[in-house]
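# Per-entry structural report
Read off the chains here:
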Amino acid sequence: MPELPEVEYTARQLRTSIVGATISQVHVFWERTVGHPNLATFLLEVSERRIEGVRRRGKFLLLDLSGGLFLSIHRRMTGNFLLLPPGWRIDTSLRTDDIATWNTRGPIFLLENGIENSYSRSTAYCRICFDLSDGRRLLFTDPRKFGRIELWSAEREAEALRGLGPEPFGSDFTVEYLVGELARRRVGIKQALLDQTLVAGVGNIYADEALFSASIHPQRRSDSLTPAEVRLLHDGIISVLTLGIEHGGTSFNDYRDLWGEAGDNYNHVHVYKQAGKPCLRCGTLIERIVIAQRSAHFCPGCQKLTVL
Ligand SMILES: [Zn+2]
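Presented here is an overview of the structure given in this document.

Criteria and thresholds
- Residues numbered from 1 in each chain as written.
- Predicted model: local features only at pLDDT ≥ 70, side-chain atom pairs only at ≥ 80, totals over all residues.
- Helix = DSSP H or I, 4+ residues; strand = E, 2+ residues; numbered from the N terminus.
- Rg over C-alpha atoms; globule rule 2.2 N^0.38 Å.
- Contact = placed C-beta atoms within 7 Å.
- Pairing = 2+ DSSP bridges.
- Expected span 1.5 Å × (residues − 1).
- Axes fitted to C-alpha atoms, helices over the stretch in contact; angles between N-to-C directions.

### A word on the overall build of the protein
Across its full length, the protein carries 9 helices and 13 strands. Relative to the globule expectation of 19 Å for 308 residues, the C-alpha radius of gyration of the protein, 21 Å, shows essentially globular dimensions. Taking the principal axes of its C-alpha atoms as reference, the protein extends roughly 65 × 45 × 35 Å. Taking the intrachain contacts of the protein between residues at least 6 apart in sequence as the baseline, contacts between residues at least 24 apart amount to 63%.

### Topic: the pairing of strand 11 (residues 148-153)
Sheet topology note: the strand 2 (residues 34-36)/strand 11 ladder contains 2 bridges and is parallel. By the bridge assignment for strand 11, Val34 is matched with Ile149. Where strand 5 (residues 69-74) and strand 11 come together, 6 bridges link them in antiparallel fashion. Its bridge partner being in strand 11, Leu71 is matched across the sheet by Leu151.

### Describing helix 9 (residues 227-246)
Here helix 9 spans 29 Å end to end across 20 residues, near enough to the 28 Å set by a 1.5 Å rise per residue. Contacts made by the buried residues of helix 9 are with helix 1 (4-17), helix 6 (175-183) and helix 8 (204-213). Directly beyond the C-terminal end of helix 9, a positive phi value near 80° is found at Gly248.

### Digging into the sheet that holds strand 1 (residues 22-28)
Reading across the sheet, the 9 strands line up as 2-11-5-4-3-1-9-10-6 and stay open at both edges, with mixed pairing between neighbours. Every interior strand has two partners, whereas the edge strands, strand 2 and strand 6 (80-84), have only one. Adjacent strand axes in the sheet meet at a mean angle of 30°, parallel and antiparallel pairs treated alike. Two elements, strand 3 (residues 49-57) and strand 4 (residues 60-65), share 6 bridges in a ladder whose sense is antiparallel. Each residue of the ladder has a partner; that of Val54, found in strand 4, is Leu63. Contacts between helix 1 and the sheet are confined to strand 3, strand 4 and strand 6, with strand 3 contributing the most and set at about 155° to the helix. Across the sheet, helix 2 (residues 39-46) is in contact with strand 1, strand 2, strand 3, strand 5 and strand 11; its angle to strand 1 comes to roughly 155°.

### Details of unusual backbone geometry
The linkage connecting His36 with the following residue, Pro37, adopts the cis geometry, with an omega of -10°. Turning to its location among the elements, Pro37 is positioned in the loop between strand 2 and helix 2. At Gln293, a residue that is not glycine, the phi angle is positive and equals roughly 65°. As for its position among the elements, Gln293 is in the loop between strand 12 (287-291) and strand 13 (294-298).

Take a look at the structure:
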């Protein structure tokens, strides 16, 4: 699942490539990807809007549109953006010829000259396509179909993004804030970090990496951490997210950047999906456990459950 670094990286790529462009038309190939408002309004209102800015809030990508509207995109498990240069056409014949395949795969994108290139594979599972007036196409691809794109008016941003805690890079995400919040939470620290009301944008990968960085066991109770441990954790969250962005995000299966490329942070993780490999710090083998139906990866040597 894309987390803050992956969304931030995409936001930066979009900022340099589509700000100023106009959406001439929008195609929705899977209706449920439109989360708000209804499909007819979405189709009507998104067309002929200029893209004025690109922002990120937590794991949400926000596209500001002319006329005081914005699109809010949550990629969930497998959602990605892909930007196609001009010269492609959309083949929707599966919709009438083979509805089951259509529902899984969506349309087929073909170069107008019929030649396939490196983009062809990445265009599969397109759920929504934004045609830009300069001939480019911005595709939202999503094999698992959990991703959602919503259209809101700017005045309702708080409602659209309700339930999000502070940004990890924001001035309100201080050590004091984290000490106070964790002291009143009785759940395990890994679970607490995944709660978007505590801090926005951290998911499984970066929670595991931040806990390793601070030498804290994922099952330690949040209210058992000392202020010194919370300080290390606070620093750890910021440093693993910063590195994640610098490396272009972490790709294991599905995450791709705007040009269909995998991120490089996979080569820099210490514990996430590293079970059975030796810890780079102490040599103990990394373990995987399951906490509240989510996997957690940690080093039993560096991250002890009982602190003496
Ligand atoms: Zn270790």
